[in-house]
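Here's the letter readout for the chains.
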Amino acid sequence: MSEPLLQAKDLCVHFGGGRTMTGRRKQPFAALKGIDFEINAGEAFAIVGESGAGKSTAARCVIGLQRPTRGELLFAGEPLPFRRDRVQRQAIQMVFQDPYSSLSPRMTIGTALDELLRVNKICDSRAAARKRSVELLEMVGMPESALDRRPRAFSGGQRQRIGIARALALEPTLLVADEPVSALDVSIQASVLALLKGLQRELGLSMLFISHDLAVVRQLCDRVAVMWDGEIIETGPVEEVLSNPRQEFTKNLLAASTDLPPLEMVVDPAAPAAPAEPTAPAGRADPPEPTAPADPTAERS
Amino acid sequence: MSDGALNPSAELPRARRAAVGRSLGGAVRKRIGANASLTLGCVIFGTMLLIAALASVIAPFNPDTQDIPHALTAPGVEGHLLGTDQLGRDVLSRLLYGARIDIFIACGSVLFPFAIGLIVGMLAGYRGGWVDSVLVGIIDIVFAFPALVLLVALVFVLGPGIGTIVIAITLTDWVSYAQLSRTSSRREGTQEYILAARTGGIPTRRILFRHVLPNIIVQPIVLATSDALLIIIAITTLGFLGLGVPPPAPDWGTMISEAQPYLNVQWWLAVAPGVAIIITGLGLSLIGDGLAAKLDVR
Ligand SMILES: Nc1ncnc2c1ncn2[C@@H]1O[C@H](COP(=O)(O)OP(=O)(O)O)[C@@H](O)[C@H]1O
Ligand SMILES: [Mg+2]
């Protein structure tokens, strides 16, 4: 393995700097305090941490929605600026966290995919775009008839499948998935995760997978970075970190994580996954113990 | 008489939307449902538009021809179905032509502020930063500025007339729409579907008009339907100040104010245009309310 696909060097993000009305400097809030990580080609890399740790901020930097205050990103060895050209933008695509707000509410799925494919010159005619859209939907286990419907017509799980299809439309090399199932019903989380994993293997994608749940990460990812309060406190191969956590925080996170059935049990991604066993409350993992200091700004996640 | 349309306060969009909710249209809609209310409103307002368009065909008399010997005749006498006014002009004809002028002014005075406010507010709300700060500053200034003062100044410069009214209302009223669309496009701009469009490389102009606009346009439309009525009423106020539609052109507000001295005997002079205003208002209110309920705002 030569060069990593994506490298983050000393990535910092501060919010709310600037000056007050009276000209005094406001104390900026550091959401990312200089993190470094690498994602190798074909690898699924996870960032875990509790809510407010800065995971989404890191993801937004990678996808180009957040300008880092300091530090840099390298993609295949080349600097990856905040303002990106078409090739750089297409190479990194994202599956969003909330399928209920991540699809344009008044557009049919077909119109949205058509726009995406043609604006990016992947297809040059309406017919070609439709054909490609059908293929994309097929990849995520959705029927062609979905094209003529609006997001409202679909369940959360179906919407997230559409969200995955949209992310794949631009044929990215790196897929960023920010807590892609945390807004979904526990009973369908596994099938969406299985789909994501299957597509990643099949298409040879690299993946930046963000989660607050170590059990999910164990099944999906090769390497993991544990974040706490804007910093990466532990990183390494998933098995190593999980079986032998060096940080107290990681142990707590591990204790709070859920027991998902192994993904291999969920054979057909399109089938509604049978909740194999009544699992622990999976939606939200609140690490016990005094982990993070109470943060008044922590509601945003 | 209120000059609400000309004297908005910072609270106005919210206050107005609340007003629509409590309106006659709202009460009717509760009984007949959104679809029926929308249909009825369109029928009423459509009829008004038709009357306005065909005024010259259906009016029995010239609305401006004076006939002093036959002033203030009772309804039905000598072919004057609604009687004549203090100058002997046929009230029905003036009413029909009045529809043309009032609806024209109302549409003009709603359309321009609507379009300008919607687009400016959307751009500023979406883009944020200094552009947004500048817009908020301008909105506050215009809200604080007494609209009537502006109007009087404009009348001196441009002379009284329909154009002056439309320009003055546009200058002050666009901020209501701007504020409304700024707030909602700011909110939409942080939604994940907009972020997805951005990471998908959709050009900003396309994001604004194809993704943001359809999701923020309903509230301004509802505001516009209630605004149109307020503007018709405001023209009446202007008539009192001699700043309205210049005579002899007929308009409902002026008709009402001219009828004042005769109110205890020739009451129909005021009631006829009053009823016309109420019916138009009901139509607009039904449309606004039906739309809001159907498209699920509020
Ligand atoms: N746009 C923003 N402005 C100010 N603070 C923010 C913004 N976005 C995130 N934050 C803050 O940064 C911290 C990290 O947020 P985030 O990256 O969303 O955490 P996570 O995804 O790990 O839950 C939180 O404390 C949050 O309040
Ligand atoms: Mg988050």
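Residues numbered from 1 in each chain as written. Chains lettered and ligands numbered in written order. Predicted model: local features only at pLDDT ≥ 70, side-chain atom pairs only at ≥ 80, totals over all residues. Heavy atoms only, no water.

Q: What am I meant to see in the packing of aromatic side chains here?
A: Note on aromatic pairs: each is described by the distance of the centres and the angle between the planes. Considering all chains together, one arrives at three aromatic pairs over all chains under this definition. Relative to Phe 45 of chain A, the ring of Phe 37 of chain A lies with its centre 5.6 Å away and its plane at 15 degrees, an arrangement referred to as stacked. For Phe 45 of chain A, a relative accessible area of 0% gives the class buried. Geometrically, the ring pair formed by Trp 267 of chain B and Trp 268 of chain B is edge-to-face, given 5.8 Å between the ring centres and 75 degrees between the ring planes. For Trp 268 of chain B, a relative accessible area of 14% translates into the label buried. (Phe/Tyr/Trp six-rings, centres within 6.5 Å; stacked < 30°, edge-to-face > 60°. Buried < 20%, exposed > 50% of the residue type's maximum accessible area, 1.4 Å probe, protein only.)

Q: So what exactly am I meant to see when it comes to helix α4 (residues 91–127) of chain B here?
A: Because each turn of an α-helix spans 3.6 residues, side chains separated by three or four positions end up pointing in the same direction. All names here are of chain B. Taking 1.5 Å per residue as the helical rise, α4 with its 37 residues ought to reach 54 Å, and the 53 Å between its terminal C-alpha atoms agrees with that figure. Of all 37 residues making up α4, 26 are buried, and the element is well covered by its neighbours. Where α4 terminates, the next one or two residues include Gly 128, which has phi positive at roughly 70 degrees. (Helix = DSSP H or I, 4+ residues; strand = E, 2+ residues; numbered from the N terminus. Expected span 1.5 Å × (residues − 1).)

Q: Honestly, the nonpolar core in this entry has me stumped. Any pointers?
A: The nonpolar side chains of soluble globular proteins are, as a tendency, buried together. By size, the foremost hydrophobic cluster in this structure holds 107 residues, and its most contacted members are Ile 164, Phe 209, Val 217 and Cys 221 of chain A together with Val 212 and Trp 252 of chain B. For this core, the element with the most residues is α4 of chain B, which contributes 12 residues. In this structure, Val 13, Ile 39, Ala 53 and Phe 75 of chain A belong to the second largest nonpolar core, which totals 33 residues. (Core = buried A, V, L, I, M, F, W, Y, C linked by side-chain atoms within 4.5 Å.)

Q: Would you mind showing me how to read the environment of Arg 118 of chain A here?
A: Residues and elements named next belong to chain A. Along the polypeptide, Arg 118 turns up in helix α3 (residues 109–119). Judged by its relative accessible area of 30%, Arg 118 is partly exposed. Put simply, Arg 118 and Ala 128 are 10 residues apart on the chain and 9.2 Å apart in space, counted from C-alpha to C-alpha. Beyond its immediate sequence surroundings of up to four residues, Arg 118 is in contact with Cys 123, Asp 124, Ser 125, Arg 126 and Ala 129. (Contact = heavy atoms within 4.5 Å.)

Q: Would you take a moment to explain the sheet that holds strand β1 (residues 6–15) of chain A for this structure?
A: Sheet strands associate in pairs through backbone hydrogen bonding, adopting either a parallel or an antiparallel arrangement. Residue and element names in this part refer to chain A. An order of β2-β1-β4-β5 is seen for the four strands of this open sheet, with the pairing classed as antiparallel. Strands with a single pairing partner mark the edges of an open sheet, and in this sheet they are β2 (29–39) and β5 (78–79). Across two bridges, strand β4 (residues 70–75) lies against β5 in antiparallel orientation. Residue pairing in the sheet places Phe 75 in a bridge with Glu 78 of β5. (Pairing = 2+ DSSP bridges.)

Q: Would you mind showing me how to read the environment of Leu 111 of chain B here?
A: Its place among the elements puts Leu 111 of chain B in helix α4. Between the alpha carbons of Leu 111 of chain B and Ser 285 of chain B there is a distance of 17 Å; along the sequence they are 174 residues apart.

Q: I would appreciate a short explanation of the pattern of salt bridges in the present structure.
A: Close approach of charged atoms allows side chains of opposite charge to pair. All names here are of chain A. Summed over all chains, the structure comprises 15 salt bridges over all chains. A salt bridge links Glu 179 to Lys 55; the nearest nitrogen and oxygen atoms lie 3.6 Å apart. With a gap of 124 residues between them, Glu 179 in the loop between β7 (174–178) and α6 (186–203) and Lys 55 in helix α1 (residues 55–63) connect regions that are remote in the sequence. Both residues of the pair, Glu 179 and Lys 55, belong to the buried class. (Salt bridge = Lys/Arg side-chain N within 4 Å of Asp/Glu carboxyl O.)

Q: Whenever I open this one, a nonpolar patch on the surface confuses me. Can you help?
A: Residue and element names in this part refer to chain B. On the surface, a nonpolar cluster with roughly 600 Å² of combined accessible area is contributed by Val 152, Phe 156, Val 157, Leu 158, Ile 167 and Leu 171. Those elements that place two or more of their residues in the nonpolar patch are α6 (147–158) and α7 (162–189). Ranked by the residues each element gives to the nonpolar patch, the list is headed by α6, at four residues. Of note, Leu 171 is situated in helix α7. Of the residues examined, Leu 171 reaches a relative accessible area of 40% and is grouped as partly exposed. (Patch = residues over 30% accessible without salt bridge, like charges linked within 9 Å, V, L, I, M, F, W, Y side chains within 5 Å. Areas by Shrake-Rupley, 256 points an atom, 1.4 Å probe, with all protein chains shown as cover.)

Q: What's the story with the interface of chain B and chain A in this structure? I'm lost.
A: A common way to report how large an interface is uses the accessible area buried once the components associate. In this assembly, 18 residues from chain B lie in contact with 22 residues from chain A. Counting each side, the surface lost to burial between chain B and chain A is near 1800 Å², with a carbon and sulfur contribution of 56%. When residues of chain B are sorted by the area they lose upon contact with chain A, Glu 192, Tyr 193 and Thr 199 of chain B head the list and together hold 33% of the total. Seen at the junction of chain B and chain A, the total is two salt bridges. In this structure, Glu 115 of chain A engages Arg 210 of chain B in a salt bridge whose closest nitrogen and oxygen atoms are separated by 3.6 Å. On inspection of chain B and its partner chain A, the count reaches 10 residue pairs in polar contact (both at pLDDT 80 or more). Counting residues per element, the ones that place at least two in the side of chain B that touches chain A are α8 (192–199) and α9 (204–216) of chain B. When residues in the side of chain B that touches chain A are grouped by element, the largest group, six residues, is from α8 of chain B. Across the side of chain B that touches chain A, the residue classes tally to eight nonpolar, six polar and four charged. (Buried area = accessible area lost by both parts, 1.4 Å probe. Polar contact = N/O pair within 3.5 Å; in protein donor to acceptor, adjacent residues only side chain to side chain. Nonpolar A, V, L, I, M, F, W, Y, C, P; charged D, E, K, R; others polar.)

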